[in-house]
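# Report on the structure
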Amino acid sequence: MRRPGSWWERKSAPAKVETYTRWTFHMIAFVEVTAIGLPVLGLLDVWPALWLSLVVCVHAVLSAVTASRALDWICGTREQPVRLLAVLGAVTALIGVGALFLGRHGAGGDDLETGAASLFIGVVCFGAGSIALGIRGRTRMLAMVTGLAVGSVAMSLLVGFPANEAVFTGVVVLLTAGFITFTSALSVWLLKVVYELDEARETRTRLAVAEERLRFGRDLHDVMGRNLAVIALKSELAVQLARRERPEAVDQMIEVQRIARESQREVRDVVRGYREADLGAELLGAQGVLTAAGISCEVTGEAVGLPGEVQSALGWVVREATTNVLRHGDAGWCGVRVRVADGCVVLTVENDGVADRGEAGKESGVGAGSGLVGLRERLSAVDGRLEAGVVDSDSGAGAGAGADRFRVVATVPLPAGSGAGAAAGSGSGSESGAGFVVSEVTS
């Protein structure tokens with residue numbers, strides 16, 4: 001059973017900003033009903049008040065739907081709602097003209113005139129705020145607000161209002177509609193900035209992976225380029241000698257065979273250097289990559305005195321766990337801890353980016369993705385074990401304290417008589433171990 005509010009925790013930061021913006025404009029529709037529709041009920045008779053309140057409710061719902069469709073267009077999930085914007089504009093204009101005519105020629109006295117004025121200004125200004133979401137450019141928004149103000153003055157004069165009252169109405173519409181339009185434009189700008197920053201973060205992560213691939217490609221090219229060129233030349237020479245039935249052709253092919261075997265060995269060395277992860281280098285690399293991705297990273301411990309095969313296995317755990325933090329969830333903090341205790345090395349990687357309990361449970365269970373399965377196979381080669389899953393963290397140190405975390409724990413026994421195992425034994429199970437330091441980088 002999911003906790004209350006877990007749907008909000010599963011959202012990414014841009015999705016949270018989008019949801020907040022969307023519900024803000026829905027609340028504006030509610031404000032329109034409460035600020036305009038309800039006061040009308042207390043100013044007029046029952047039936048006229050009900051009709052006017054119904055008109056306000058219809059306009060508020062139409063404004064909310066238009067704002068929602070416009071936000072979908074801004075986020076790129078829907079086309080620009082041109083027809084809906086036109087309908088909202090036409091309905092707003094009709095209600096505004098009707099409110100002006102009713103306020104000037106209605107038989108309800110001062111109460112009717114006050115209610116009609118509130119209806120006109122509120123409907124026009126709230127409608128402008130929703131329409132502003134569906135248009136691009138400050139020039140168009142400014143033209144829309146100016147047009148509403150000028151149109152308000154013109155319509156007020158046409159229905160019979162005095163010039164001073166008509167100008168006052170236009171000024172009120174200009175200021176109020178301008179403020180609401182500016183607020184709408186600012187909300188859209190903030191939403192776009194958040195999405196652009198999130199896209200830039202993903203691009204930076206992809207560039208880091210691409211850079212590593214280019215490095216490996218350069219190393220492989222440096223190793224194989226010269227040897228392949230020599231093999232091609234000697235093979236061509238051997239062909240020419242063989243056609244002439246010269247015995248030197250055999251010597252050239254023996255040399256080609258030797259160079260080919262040497263190339264195989266060099267390629268294996270390059271691949272082994274890439275595939276065999278060094279724990280110390282991986283800790284520094286994880287700290288750098290996570291910090292570059294905007295995630296606060298806290299690394300505790302060093303790979304001092306650990307056997308090479310243990311470092312290689314744990315280095316792969318750090319690499320895979322770091323990749324999962326970048327690809328899954330929405331982590332803001334990640335902690336990596338290495339400790340030696342009771343003849344074992346324990347590596348813990350945890351983060352506060354728990355996207356979904358069900359998905360995390362699938363990852364940690366049997367039949368999980370190839371990443372964790374591959375880690376278990378690597379650890380089994382050194383008699384190690386891997387545990388992964390969501391844990392509750394109500395207390396503790398670190399920026400992620402007080403929230404659920406996804407934790408990966410790898411435990412590898414140390415060979416008897418190794419320097420690290422002796423240091424751990426002399427420490428009586430201390431978590432710090434020999435030579436461990438604490439470093440913290442906060443973005």
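Residues numbered from 1 in each chain as written. Predicted model: local features only at pLDDT ≥ 70, side-chain atom pairs only at ≥ 80, totals over all residues. Heavy atoms only, no water.

## Side note on the overall build of the protein
- The number of helices and strands found in the protein is 13 helices and six strands.
- The 443 residues of the protein split such that 38% are buried.
- Expressed as a percentage of contacts within the protein between residues at least 6 apart in sequence, the contacts between residues at least 24 apart total 72%. (Helix = DSSP H or I, 4+ residues; strand = E, 2+ residues; numbered from the N terminus. Buried < 20%, exposed > 50% of the residue type's maximum accessible area, 1.4 Å probe, protein only. Contact = heavy atoms within 4.5 Å.)

## Observations regarding a nonpolar patch on the surface
- On the surface, F182, L186, W189 and L190 cluster together into a nonpolar patch covering about 440 Å² of accessible area.
- Locating W189 in the fold gives a position in helix 7 (residues 163-243).
- Using a relative accessible area of 51% as the deciding quantity, one classes W189 as exposed. (Patch = residues over 30% accessible without salt bridge, like charges linked within 9 Å, V, L, I, M, F, W, Y side chains within 5 Å. Areas by Shrake-Rupley, 256 points an atom, 1.4 Å probe, with all protein chains shown as cover. Salt bridge = Lys/Arg side-chain N within 4 Å of Asp/Glu carboxyl O.)

## What to know about the confidence of the model for the protein
- Of all residues in the protein, 79% attain a pLDDT of 70 or more, and the chain-wide mean is 78.
- At the level of individual helices and strands, the protein shows its lowest average pLDDT in strand 6 (residues 438-441), which scores 37, and its highest in strand 3 (residues 344-351), which scores 92.
- Below pLDDT 50 for its whole length, residues 356-369 participates in 18 contacts with residues either more than four positions away or in separate chains.
- Segment residues 421-443: pLDDT under 50, and 43 contacts once partners within four positions in sequence are set aside and those in other chains are kept. (pLDDT = per-residue confidence, 0-100.)

## A closer look at the nonpolar core
- L314, V317, V345, L347, L379 and L386 are the most contacted members of the largest nonpolar core, which has 37 residues in total.
- For this core, the secondary structure elements donating two or more residues are helix 9 (279-292), strand 1 (296-300), helix 10 (308-327), strand 2 (333-341), strand 3, helix 12 (370-380), strand 4 (385-391) and strand 5 (405-413).
- If one sorts the elements of this core by residue count, helix 10 sits on top with eight residues.
- Of all hydrophobic cores here, the second largest spans 28 residues; its members include V159, F161, V173 and I180. (Core = buried A, V, L, I, M, F, W, Y, C linked by side-chain atoms within 4.5 Å.)

## Brief notes about the packing of aromatic side chains
- Counted according to the given criterion, the structure contains zero aromatic pairs.
- A cation over a ring is seen here: R319 above W316, with NZ or CZ 4.6 Å from the ring centre. (Phe/Tyr/Trp six-rings, centres within 6.5 Å; stacked < 30°, edge-to-face > 60°. Lys NZ or Arg CZ within 6 Å of the ring centre and 35° of its normal.)

## Observations concerning the pattern of salt bridges
- Throughout the structure, instances matching the rule amount to nine salt bridges.
- Several salt bridges converge on common partners, so that one network encompasses E18, R22, D72 and R78.

## Re the pairing of strand 2
- For strand 2, a buried count of eight out of nine residues is recorded, marking the element as mostly surrounded by other parts of the structure.
- Pairing geometry for strand 1 and strand 2, over five bridges, is parallel. In the strand pairing of strand 2, E298 is matched with G335.
- In the sheet, strand 2 pairs with strand 3 via eight bridges, with the strands oriented antiparallel. What sits directly across from R339, in strand 3, is V346.
- Hairpin connection, strand 2 to strand 3: the antiparallel pair is bridged by two residues, and D342 has positive phi, about 55°. (Pairing = 2+ DSSP bridges.)

## Focus on helix 6 (residues 138-158)
- Look at helix 6: 30 Å from first C-alpha to last across 21 residues, which is about the 30 Å you get at 1.5 Å a residue.
- Among the residues of helix 6, M141, M144, V145, A149, S152 and S156 are the ones counted as buried. Down the axis, helix 6 shows its buried residues gathered within 130° of arc, on one side only. Turned more than 90 degrees away from the buried face of helix 6, the exposed residues are T139, R140, V150 and L158.
- Just beyond helix 6, the residue with positive phi is G160, at close to 110°. (Expected span 1.5 Å × (residues − 1). Arc of directions from axis to C-beta.)

## Here we look at the environment of S118
- Structurally, the position occupied by S118 is in helix 5 (residues 109-133).
- With 83 residues separating them in the primary sequence, S118 and A35 have C-alpha atoms 8.9 Å apart.

## With respect to the environment of I74
- One can find I74 in helix 3 (residues 46-74).
- I74 sits 59 residues away from L133 along the chain, and the two C-alpha atoms are 8.2 Å apart.
- In contact with I74, not counting residues within four places along its chain, are L133, V188 and K192.

## Focus: the environment of V31
- On the secondary structure map, V31 appears in helix 2 (residues 13-43).
- Overall, V31 belongs to the partly exposed group, its relative accessible area being 38%.
- Separated by 95 residues in the primary sequence, V31 and F126 place their C-alpha atoms 9.5 Å from one another.
- Contact partners of V31, with chain neighbours within four places excluded, come to I36 and F126.

## Digging into the pairing of strand 3
- Along strand 3, seven of the eight residues are buried, which leaves the element largely enclosed by surrounding structure.
- The pairing of strand 3 with strand 5 spans eight bridges and is antiparallel. Paired with V349 across the bridge in strand 5 is V408.

## Thoughts on the state of the cysteines
- Scanning the model with the defined rule gives zero disulfides in all.
- A disulfide-free cysteine, C297 has its sulfur positioned 5.3 Å from the sulfur of C334, the nearest such atom. (Disulfide = S-S within 2.5 Å.)

## Some details on the side chain of E350
- Mapped onto the elements of the fold, E350 is located in strand 3.
- Judged by its relative accessible area of 12%, E350 is buried.
- Here R405 takes part through its side chain, which lies 3.1 Å from a polar atom of the side chain of E350.
- Ignoring any residue separated from it by four or fewer positions in sequence, one finds E350 in contact with W333, C334, G335, R405, F406 and R407. (Polar contact = N/O pair within 3.5 Å; in protein donor to acceptor, adjacent residues only side chain to side chain.)

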